[in-house]
Amino acid sequence: MTDHSRAAGESRGTPYAPHTPETTAAMLSAVGADSEDDLFDIPEPVAFDGEFGIEARSERAARRHVEGLLGRNDDLTEFLGRGHYDHYVPAVVDDLASRSEFLTSYTQYQPEVAQGFLQALFEYQSMLVELTGLDVANCSMYDAATALGEAATLSQRVRSVSGDRVLVPDALREGKRAVLENYADGPGVAVETYPTDDANADLDGLEAALDDDVAMVYAENPTVLGTIEENLGAIGDLADGHDALFCLGTDPVALALLEEPASVGADVVVGEAGTLGVPAAYGTGHGLFVTREDYLRQVPGRLVGAGEDESGRRAYTLTLQTREQHIRRERATSNICTNQAWLALRTAIHAAWLGPDGLLDLAESCVTEARDLAERLDAVEGVRAPVHDRHHFREFVARTDRPAEAVRADLAESGYAVHAVGEHEVQVCVTDTTADDADGLVAAFEEVA
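Just so it is clear, the structure is predicted and the values come from calculations on it, not from any experiment.

**Q** I'd like a rundown of the nonpolar core, residues and numbers included.
**A** One finds Tyr-124, Leu-167, Leu-206, Val-217, Phe-246 and Val-304 to be the most contacted residues of the largest nonpolar core, which totals 45 residues. Setting aside chain neighbours within four positions, we find Leu-167 in contact with Glu-192, Tyr-194, Leu-206, Ala-209, Leu-210, Val-214, Met-216, Val-217 and Tyr-218. Judged by nonpolar contacts, the second largest core, of 27 residues, contains Leu-148, Ala-151, Val-191 and Leu-245.

**Q** So what's going on with the pattern of salt bridges? Residues and values would help.
**A** Across all of its chains, the model carries 16 salt bridges by this definition. One salt bridge connects Arg-177 with Glu-181, and the closest N-O pair in it is separated by 2.8 Å. Here the residue Arg-177 and the residue Glu-181 both occupy positions in helix α7 (residues 174–185), the gap between them amounting to 4 residues, near one helical turn. Classification of Arg-177 as partly exposed rests on a relative accessible area of 23%.

**Q** Residue-level account of the sheet that holds strand β14 (residues 395–400), with values.
**A** Read across the open sheet, the 4 strands follow the order β13-β14-β17-β16; overall the sheet is antiparallel. Looking at strand neighbours, the two that pair on one side only are β13 (383–384) and β16 (419–422), the edges of this open sheet. Bridging between β13 and β14 involves 2 bridges; their strand directions are antiparallel. Its bridge partner being in β14, Arg-384 is matched across the sheet by Arg-399. Contacts from helix α11 (residues 341–378) reach β13, β14 and β17 (425–429) within the one sheet, and its direction differs from that of β14 by about 10 degrees.

**Q** Outline the packing of aromatic side chains, listing residues and values.
**A** Summed over the entire model, instances satisfying the criterion amount to 4 aromatic pairs. With centroids separated by 5.0 Å and ring planes inclined at 35 degrees, the aromatic side chains of Phe-48 and Phe-52 adopt a geometry described as tilted. For Phe-52, a relative accessible area of 69% puts it in the exposed group. The interplanar angle of 45 degrees and the centroid separation of 6.2 Å between the aromatic rings of Phe-79 and Tyr-416 together place this pair among those described as tilted. Taken together, the positions of Phe-79 in the loop between β1 (77–78) and α3 (91–97) and Tyr-416 in strand β15 (residues 416–417) put the pair 337 residues apart, joining distant regions of the chain. Assessed through its relative accessible area of 15%, Tyr-416 is described here as buried.

**Q** Kindly report on the side chain of His-87, identifying the contributing residues and their values.
**A** In this structure, His-87 sits in the loop between β1 and α3. Side chain to side chain, His-87 and Arg-394 meet in a polar contact 3.0 Å long. Polar side-chain contacts of His-87 include one of 2.7 Å to the side chain of Asp-432. Excluding its chain neighbours within four sequence positions, the residues that come into contact with His-87 are Val-253, Thr-275, Leu-362, Cys-366, Arg-394, Thr-431, Asp-432 and Thr-433.

**Q** Report on the sheet that holds strand β8 (residues 245–250), specifying residues and quantitative values.
**A** An order of β2-β10-β9-β8-β7-β3-β4 is seen for the 7 strands of this open sheet, with the pairing classed as mixed. The two strands at the open ends of the sheet, each matched to only one other strand, are β2 (136–137) and β4 (190–194). Bridging between strand β3 (residues 165–169) and strand β7 (residues 214–220) involves 3 bridges; their strand directions are parallel. Looking across to β7, one finds that Val-166 is bridged to Met-216. Those strands touched by helix α9 (residues 232–241) are β7 and β8, and its axis lies near 150 degrees from that of β8.

**Q** Give a detailed account of the pairing of β3, specifying residues and quantitative values.
**A** Of all 5 residues that make up β3, 5 are buried, and the element is covered over most of its length. Of the pairings in the sheet, the one linking β3 to β4 comprises 5 bridges and is parallel in character. Looking at the pairing, Val-168 lines up with Thr-193 of β4. Each parallel crossover has a hand, and the one from β3 via α7 to β4 is right-handed.

**Q** Account for a negative patch on the surface, naming residues and giving values.
**A** On the surface, Asp-211, Asp-212, Asp-237, Asp-240 and Asp-243 cluster together into a negatively charged patch. Turning to its location among the elements, Asp-212 is positioned in the loop between α8 (203–209) and β7.

**Q** Tell me about the state of the cysteines, and please be specific about residues and values.
**A** Evaluation of the coordinates by the stated rule reveals 0 disulfides. In this structure Cys-429 is not part of a disulfide, and its nearest cysteine sulfur, from Cys-366, lies 8.0 Å away. Residue class for Cys-429 comes out buried when judged on its relative accessible area of 2%.

**Q** Could you give me a rundown of α11, with the residues and numbers involved?
**A** For α11, built from 38 residues, the straight-helix expectation of 56 Å at 1.5 Å per residue is missed by more than 12%, its first-to-last C-alpha distance being only 43 Å. Gly-355 marks where α11 bends most, by close to 100 degrees; the proline Pro-356 follows one to four residues later.

**Q** Help me get a handle on a nonpolar patch on the surface, residues and values and all.
**A** On the surface, a nonpolar cluster with roughly 540 Å² of combined accessible area is contributed by Val-31, Leu-39, Phe-40, Ile-42 and Val-46. Locating Val-46 in the fold gives a position in the loop between α1 (21–31) and α2 (59–70). Overall, the relative accessible area of 62% leaves Val-46 in the exposed class.

Cut-offs applied
Residues numbered from 1 in each chain as written. Predicted model: local features only at pLDDT ≥ 70, side-chain atom pairs only at ≥ 80, totals over all residues. Heavy atoms only, no water. Core = buried A, V, L, I, M, F, W, Y, C linked by side-chain atoms within 4.5 Å. Buried < 20%, exposed > 50% of the residue type's maximum accessible area, 1.4 Å probe, protein only. Contact = heavy atoms within 4.5 Å. Salt bridge = Lys/Arg side-chain N within 4 Å of Asp/Glu carboxyl O. Helix = DSSP H or I, 4+ residues; strand = E, 2+ residues; numbered from the N terminus. Pairing = 2+ DSSP bridges. Axes fitted to C-alpha atoms, helices over the stretch in contact; angles between N-to-C directions. Phe/Tyr/Trp six-rings, centres within 6.5 Å; stacked < 30°, edge-to-face > 60°. Polar contact = N/O pair within 3.5 Å; in protein donor to acceptor, adjacent residues only side chain to side chain. Right-handed = clockwise from strand over helix to strand, strands pointing away. Patch = residues over 30% accessible without salt bridge, like charges linked within 9 Å, V, L, I, M, F, W, Y side chains within 5 Å. Areas by Shrake-Rupley, 256 points an atom, 1.4 Å probe, with all protein chains shown as cover. Lys, Arg positive; Asp, Glu negative; His and termini not counted. Charge placed at Lys NZ, Arg CZ, Asp CG, Glu CD. Disulfide = S-S within 2.5 Å. Expected span 1.5 Å × (residues − 1). Bend = angle between axes of the 7 residues up to and from the residue.

Laid out in C-alpha cells, this is it:
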C-alpha cells in the first residue's frame, strides 16, 4: 500500500509498481542497464511511437465505421473443412452457457462456489471417456494442435525406453505440424513423416520408418483429407511392437460412429472437441485429450474429480493441476495456462442435448452427405470425385480439369468457398449447416469446372 502521508515531493512508487526512482536505479545498476528501455529488445517497426493513429469518433460514427469494415467481408457459403467443422449449435447451448455463473467463471479454483460448473466439466470428461474407451480425459487443451504437441511431450515422460522421434503422416496439415514442431523443439524431439497411400497409412512405409527410437506414432481418423483410416489396428500393433505410444487424432462427432480408439490400441486421443458446441471460427475452439489411467499423473492441464464433502454428499473439485502455476515448476507437465472450460461446457451441453442417438445420427449424416455430394460432383463434366477410393467423413477431394486455384476463385465469385489443395485438386466439406446449399454448389461447379 502506498503511504499517502509522505511529504510532498518525496519520491514514491505507485499502487501498481511500488518502486521508487532510487530502487529502480539500483536494480538497473545491478544488471548493468542505463534505463528500463534497455531491458527490452523491441524492433523499431513495431515499437510504440506514442500515437495510435486512430481517429477519434463518436460512438455512432465508430459503429458506422466498424460496420463498413465488416461489410467488406465476402459473403460466402463455406464448404471448408480441414480441421475446422461447422455443425449447427442449438439455441440451448448459448442460453445455458451465457448464464452469469458460467460466463464469468474464469477457472474453478474454489469448489465451494463452483459445484455446478465443476459437475458440468466432470460430465464433459465422462463423455469423452465413454466415446474413446480410455480412462482419463482432461478439461481441456487450447486446440487439436496443442493437444498433439502435449501428446508428444507426454511420450517423453512415460515411455520406458529412450526415444526422440515422433512419426506423423505425410499429409498432416501444415499448421498442426508447425505447432507440434514448436513443442518438440524444447525436449529435442524430431518430427518425421511416414508415407500414406490413397490418403490412408502406408503400413509398409510406416514399418520401415519405425525403430526403437520412435517415441510416438500419430494417425488421424478421419484424415485431414476426409478419408476414414482403415488400418488403425495395424498401426497400433506396429507402434506397440516398438514400445511407442499410439496417438490418434479425431473429434467427438466422428467418435460416435468410427472405431473406438481403445479397441485399436490407442494410448492417447487428441483432436478438436469444439466440433460440438462451438461454431466454426477458424481459430476459436478447444482440444480434447484422453489417455490411459497409467499416465494419469502425466496428463497436462486440469482434471475434475468427484469425491465427498464433510457431510458425505457428492462433490467435485479440481483434483489434478499439473501446470507450472500450481506446482513446483520442475514438476510441471505442461505450461498450458488459460483453460478452455467455458468451451468444454458448451461441448458438454451440446452432446447432452443430442443424446447418444442424436450424436450417432449426426455422425452418420457426415458420411451420407459427403458421399451424396461427391456422387453429384462426379457427374459434372470436368470433375472427378472423390479422388480417393475410400469411405469419407464430412469432406473429400475432387479432381478438376481446370487448375484448382482458378476453380476455387470462380466458385468464390459465385458465392461458395472450397479449399484448393493441389494443382488440380479441391477439397469440399459438407455438414448439416451447408447440406441445404449443396444444389447451389453443384450448379456453380457446372458453370466453372
